[in-house]
Amino acid sequence: MLLLLITTVAAVLAGAVPVAAHAALTGSDPQQGSVVQEAPSQISLTFSEKVATSDGSVRVYDPKGKQVDTGDIADLGGNSYGVKLRPGQPDGTFTVTYQVVSADSHPVSGAFTFSVGAPSKTTVPVPGQEAGGGVVGGLYGFARYLSYAGFILLVGGAAFVLACWQRGAGVRPVQRLVVSGWLTLAVATLAMLLLRGSYTGSGKLGDVFDLDLLSDVLQTKTGAALISRLLLLAAAALFIAVLFGAYARRDEEDDEEDDESVEESEGEEEGEEGVVREADGTETGGTETDRPEGAGSEDDDELSDADDGSYQRDLTFGLAIGGGVVAAGLAASWAMAEHASTGLQAGLAMPLDILHLLAVAAWLGGLATLLVALFRAPSDAQIETAAVRRFSRVAFGSVLVLTATGIYQSWRQVGTWSALTGTSYGQLLLVKIGLVAVLVGIAWISRRWTAQLAEAPAPTEEDREKATGDGAGVGVGTGTGTADDGASVGVGGVGDDGRDDPERAAQLARQRVAVATAREKRLRDADPGRRGLRRSVLAEAGVAVVLLAVTTALTSTEPGRTVEEAKAANAAVAPDTQSGALALDMSFDTGGKNGKGVVRLEIDPARVGANEMHVYVQGPDGKAHDIPEVKVAFTLEAKDIGPLPVVPDHIATGHWTADGVQIPMAGDWNIEVTVRTSDIDQVTVSKNAKIG
């Protein structure tokens, strides 16, 4: 049930959360939208953090769509990278596309234009799909979610058994939960390794099994982290084999020896009461001299018990140390390849991120194991009240660690209050904080139920027989029986097992299972405290699944601090940039017939970069008026730029428009509009306007 809920939320998450880059383009040379007099020999790009590049990561296309770069990417130092252009490039608008991988493993892509001499039309097809999107991006996000879920179930379930409920090592539902976590993490990691090349590159599903791409992935930091995770999972498999093998058997043997010692002590008491005295007053059948072979047996038993206890403690200690190392290594495979590995105070952030992940696993994974123990554990292996209370203390400590490390991570990734409310990362973080608050509130209710728990009754031999159906003779026909009694009597007689009738035997088997199931349910529901605890723990698990989905979305969202830094860098490049449409009205008179009117020019958003331009022509009567031709030119005399010609397209009566009008820099621009009303009658009018 829990795994089904996890899978459902993951499917919704994969389709609803787009992958966002964690590095941003903060500058370029030439600048985006600028106009230069001569073609540069090199294009440089500057990002907010280090990125990984490969041949073809940055491409430059001329106005006709021909690739004109050499293809070799050079690291220029800092966070800047460059690609050289072939000599002899024409004038016009060039397009630069880039697709790189940020230091925290997420793909970054984009495009911008610059012009040589003057802007022109371009035919470069820019990919519409964002890097890391599409089907491959959805599958990769789904695998990321499953990897987190598998880690939590594996580490949290094993920690719950060792720290809180050692008898749980022999409980089959608990074993299945932990093994399911291992399998989920292993399959998800392998899937991420195969998808990685296509995820950061072409985005095509057919490239998933491309061995060349896989080889490239293995040489990256993320590929090394995924391979390390698979190797650590091999060690985790050995840990699970010991935990649910030798350790569980040893615990069961200790329980059996405890039962036998109780029976032997009861037998000795009965033997002492049954000593017979003969007529001459001597005692028979019970003196130490009559059984010398038993001398010292009690001391031997005590030594044997001490050795067994020491062995069990040593095994527990060894499993705790080995399992802790493996768990920390698994957590490090995330910390060393994602958010914590780059940016501010990375040396401190990585160990704190490992602690954060381990605390999440101890709390949420232990919660899932407790849920399984309360709902699925057999009646003869009910979880003890002491174990529940131990987990309550472990969960409380985990919440304290999560709070401390979470506050630090929030400050590191967000930085400012404006980023907390004004960026996607900050908004998701607020949702996560709200879910954690709800989870802590439900956990407080669970602690109250824990305080009211009654100790689970020790199962008797009769309970064990009835739970397995061995002691239930079930018949069919006139007899009646109840599930509480664990038996029913019919015409076949008590104990009739239907050996001569296969159909009857099958019916008896089904009834035994039903009786055993009903009895286990009755035993589980006998304590009202356990009923209440099961409900509150189930609610906690439901909120935890949603919380895990939000956390996975956070790891795929650009941190608020990065967004703010990118905005500040762009503002530094163009400090006078501002938004707002510009409208200019200019009267004209060409001197010919119908040569008078008003031309209105609108530019939106009237800032550096691409703009949308509309030109309207009205006659003397104020109505829209068509003329043969309209041309516009922009000149920035202070910087000796221009004139930059623009020929708008006629789209309606008296209405012309042009998209992507490039304004290379802010300043006081002279805008000229040439109006032609006949084959020989034309005039140019102009106005100055502040743009940018």
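About the cut-offs
- Residues numbered from 1 in each chain as written.
- Predicted model: local features only at pLDDT ≥ 70, side-chain atom pairs only at ≥ 80, totals over all residues.
- Heavy atoms only, no water.
- Helix = DSSP H or I, 4+ residues; strand = E, 2+ residues; numbered from the N terminus.
- Contact = heavy atoms within 4.5 Å.
- Areas by Shrake-Rupley, 256 points an atom, 1.4 Å probe, with all protein chains shown as cover.
- 1 Å grid on protein atoms, 1.4 Å probe; cavity = no way out; pocket = protein on both sides within 12 Å on 5 of 7 lines; lining within 4 Å.
- Points joined across faces, edges and corners; volume = space filled by probe spheres on them.
- Expected span 1.5 Å × (residues − 1).
- Bend = angle between axes of the 7 residues up to and from the residue.
- Buried < 20%, exposed > 50% of the residue type's maximum accessible area, 1.4 Å probe, protein only.
- Pairing = 2+ DSSP bridges.
- Axes fitted to C-alpha atoms, helices over the stretch in contact; angles between N-to-C directions.
- Phe/Tyr/Trp six-rings, centres within 6.5 Å; stacked < 30°, edge-to-face > 60°.
- Core = buried A, V, L, I, M, F, W, Y, C linked by side-chain atoms within 4.5 Å.
- Parallel < 35°, antiparallel > 145°, perpendicular 65-115°, else oblique.
- Nonpolar A, V, L, I, M, F, W, Y, C, P; charged D, E, K, R; others polar.
- Patch = residues over 30% accessible without salt bridge, like charges linked within 9 Å, V, L, I, M, F, W, Y side chains within 5 Å.
- Salt bridge = Lys/Arg side-chain N within 4 Å of Asp/Glu carboxyl O.
- Left-handed = near helix turned anticlockwise from the far one by under 90°.
- Lys, Arg positive; Asp, Glu negative; His and termini not counted.
- Polar contact = N/O pair within 3.5 Å; in protein donor to acceptor, adjacent residues only side chain to side chain.
- pLDDT = per-residue confidence, 0-100.

Enquirer: Any chance you could explain the overall build of the protein chain here in plain terms?
Expert: When you go through the protein chain residue by residue, the secondary structure sums to 14 helices and 22 strands. Long-range pairs, those at least 24 residues apart, make up 71% of the contacts in the protein chain between residues at least 6 apart in sequence. Accessible surface, the protein chain as shown: approximately 34100 Å² in total, 56% of it carbon and sulfur.

Enquirer: Please clarify how empty space enclosed by the protein should be interpreted in this entry.
Expert: In this approach, a probe sized like a water molecule rolls over the atoms, and the result shows the empty space that is left. According to the stated counting rule, one finds 2 cavities of 30 Å³ or more in the structure shown. Size it by volume and the second largest cavity reaches roughly 60 Å³. The wall of the second largest cavity is formed by Ser-105, Tyr-140, Arg-144, Met-192, Thr-222, Ala-225, Leu-226, Arg-229, Ser-333, Ala-337 and Glu-338. Among the elements of the structure, helix H2 (134-163) and helix H5 (221-273) are those that each provide at least two residues to the lining of the second largest cavity.

Enquirer: I'm lost on helix H3 (residues 172-200) in this one. Help?
Expert: Since the α-helix advances by 3.6 residues per turn, residues separated by three or four positions end up pointing in the same direction. An ideal rise of 1.5 Å per residue puts 42 Å on 29 residues; H3 measures up with 41 Å between its terminal C-alpha atoms. For H3, the principal kink sits at Leu-194 and spans about 40°.

Enquirer: Help me understand the environment of Val-58 in this model?
Expert: You can see Val-58 is positioned in strand E5 (residues 58-61). The exposure class of Val-58 is buried, given its relative accessible area of 5%. Along the backbone, Val-58 and Ile-73 are 15 residues apart, and their C-alpha atoms lie at a distance of 7.3 Å. Val-58 has contacts with Leu-45, Asp-69, Ile-73, Val-83, Val-96, Thr-97 and Tyr-98, leaving out every residue within four places of it along the chain.

Enquirer: Looking at this model, I keep getting lost on the sheet that holds strand E21 (residues 667-676). Mind explaining?
Expert: Strand-to-strand pairing in sheets goes through backbone hydrogen bonds, with the strands running parallel or antiparallel. In space, the 4 strands of this open sheet follow the order E18-E17-E21-E22, with antiparallel pairing throughout. In this open sheet, the two edge strands, each paired with only one partner strand, are strand E18 (641-646) and strand E22 (682-691). Between one strand axis and the next, the sheet turns by 20° as a mean value, whatever way the strands run.

Enquirer: Explain the packing of aromatic side chains here, please?
Expert: Between two aromatic rings, the relevant description is the distance of the centres plus the angle of the planes. By the definition in use, this model includes 8 aromatic pairs. Ring centres of Tyr-408 and Trp-411 lie 6.0 Å apart, and the angle between their planes is 40°; this geometry places the pair in the tilted category. One end of the pair, Tyr-408, and the other, Trp-411, are both in helix H8 (residues 385-414), 3 residues apart, so they sit about a helical turn from each other. On the basis of relative accessible area, Trp-411 is assigned to the partly exposed category, the value being 41%.

Enquirer: Looking at this structure, how should I read unusual backbone geometry?
Expert: Trans peptide bonds make up the majority, and among non-glycine residues the majority have a negative phi. Of the consecutive residues Asp-29 and Pro-30, the connecting peptide bond is found in the cis state with omega at 0°. Tracing the chain through its elements places Pro-30 in the loop between strand E1 (25-29) and strand E2 (35-36). In this chain, Asp-604 is followed by Pro-605 through a cis amide linkage whose omega measures 10°. Of note, Pro-605 is situated in the loop between strand E15 (596-604) and strand E16 (609-618). Notably, Asn-594 is not glycine yet its phi reads approximately 55°, a positive angle. Relative to the assigned elements, Asn-594 resides in the loop between strand E14 (582-589) and E15. You will see that Ala-606, though not glycine, has its phi angle at about 60°, which is positive. Checked against the element boundaries, Ala-606 lands in the loop between E15 and E16. Accessibility expressed as a relative area gives 6% for Ala-606, which makes it buried.

Enquirer: Mind showing me how you'd approach the nonpolar core here?
Expert: Phe-151, Leu-154, Trp-165, Leu-243, Leu-370 and Ile-383 are the most contacted members of the largest nonpolar core, which has 72 residues in total. Not counting residues up to four positions away in its chain, the partners in contact with Leu-154 are Val-178, Gly-181, Trp-182, Leu-185, Leu-233, Ala-236, Ile-240 and Leu-330.

Enquirer: Just checking my understanding: could you explain the sheet that holds E14 for this structure?
Expert: In spatial order, the strands read E14-E15-E16-E20-E19; together these 5 strands make up an open sheet with antiparallel pairing. In the strand order of this sheet, the two ends are held by E14 and strand E19 (649-652), each with one partner. If you compare each strand with its neighbour and ignore which way they point, the axes differ by 25° on average. Examined bridge by bridge, E19 and strand E20 (residues 655-663) share 3 bridges and lie antiparallel to one another. Residue pairing in the sheet places Ala-652 in a bridge with His-655 of E20.

Enquirer: Just checking my understanding: could you explain the packing of H3 against helix H4 (residues 211-218) for this structure?
Expert: The description of two packed helices rests on the angle between their axes and on the distance between the axes. Contact geometry for H3 and H4: axes closest at 8 Å, N-to-C directions at 100°. Of the possible angle classes, the one that applies to H3 and H4 is roughly perpendicular. Facing H3, whose interface residues are Leu-193, Arg-196, Gly-197 and Ser-198, H4 presents Leu-213, Leu-214, Val-217 and Leu-218. Its residues assigned to classes, the contact of H3 with H4 shows 5 nonpolar, 2 polar and 1 charged.

Enquirer: Whenever I open this one, a nonpolar patch on the surface confuses me. Can you help?
Expert: Where nonpolar side chains cluster on the molecular surface, the patch consists of Val-135, Leu-139 and Leu-205 and spans about 270 Å² of accessible area. Take Val-135: it is sitting in helix H2.

Enquirer: Got a minute to help me understand the packing of H8 against helix H10 (residues 424-451) in this structure?
Expert: The contact between H8 and H10 brings their axes to 12 Å, and the two run at 165°. Considering their axes alone, H8 and H10 lie roughly antiparallel with respect to each other. Crossing of H8 against H10: the hand is left-handed. In contact with Val-388, Arg-389, Ser-392, Phe-396, Val-399, Ser-410, Gln-413 and Val-414 of H8, H10 contributes Tyr-425, Leu-429, Val-440, Arg-447, Thr-450 and Ala-451. Taken together, the residues of the contact of H8 with H10 sort by class into 8 nonpolar, 4 polar and 2 charged.

Enquirer: I'm lost on the environment of Ala-539 in this one. Help?
Expert: Along the chain, Ala-539 turns up in helix H13 (residues 528-555). Residue classification places Ala-539 among the partly exposed positions, given a relative accessible area of 35%. When the C-alpha positions of Ala-539 and Ser-446 are compared, they lie 9.8 Å apart, and in sequence the two are 93 residues distant.

Enquirer: I would appreciate a short explanation of the side chain of Asp-681 in the present structure.
Expert: Its place among the elements puts Asp-681 in the loop between E21 and E22. With no salt bridge to any partner, buried Asp-681 finds its closest opposite charge in Arg-676, at an N-O distance of 9.1 Å. Within polar-contact distance, the side chain of Asp-681 engages the side chain of Ser-678 at 2.8 Å. Leave out the neighbours within four places in its chain, and Asp-681 touches Thr-590, Gly-592, Val-675 and Arg-676.

Enquirer: Looking at this structure, how should I read the pattern of salt bridges?
Expert: For the structure on display, the rule yields 6 salt bridges. Here Arg-167 ties to Glu-384 by a salt bridge, and the two come within 2.5 Å at their closest N and O atoms. Of this pair, Arg-167 sits in the loop between H2 and H3 while Glu-384 sits in the loop between helix H7 (346-376) and H8, and the two are 217 residues apart along the sequence. A salt bridge links Glu-629 to Arg-676; the nearest nitrogen and oxygen atoms lie 3.0 Å apart. With a gap of 47 residues between them, Glu-629 in strand E17 (residues 629-636) and Arg-676 in strand E21 connect regions that are remote in the sequence. Several salt bridges converge on common partners, so that one network encompasses Asp-585, Arg-600 and Glu-602.

Enquirer: Whenever I open this one, the confidence of the model for the protein chain confuses me. Can you help?
Expert: Keep in mind that low pLDDT regions are not for reading the predicted coordinates in detail. A residue-level look at the protein chain finds 75% of positions with pLDDT of 70 or above and a mean pLDDT of 77. Per-element mean pLDDT across the protein chain ranges from 40 in helix H1 (residues 2-16) up to 93 in H3. In this model residues 269-296 is a low-confidence stretch, pLDDT under 50, and it forms 10 contacts with partners more than four residues away in sequence or in other chains. Scored below 50 in pLDDT, residues 573-579 shows 13 contacts in the model against residues more than four places distant or in partner chains.

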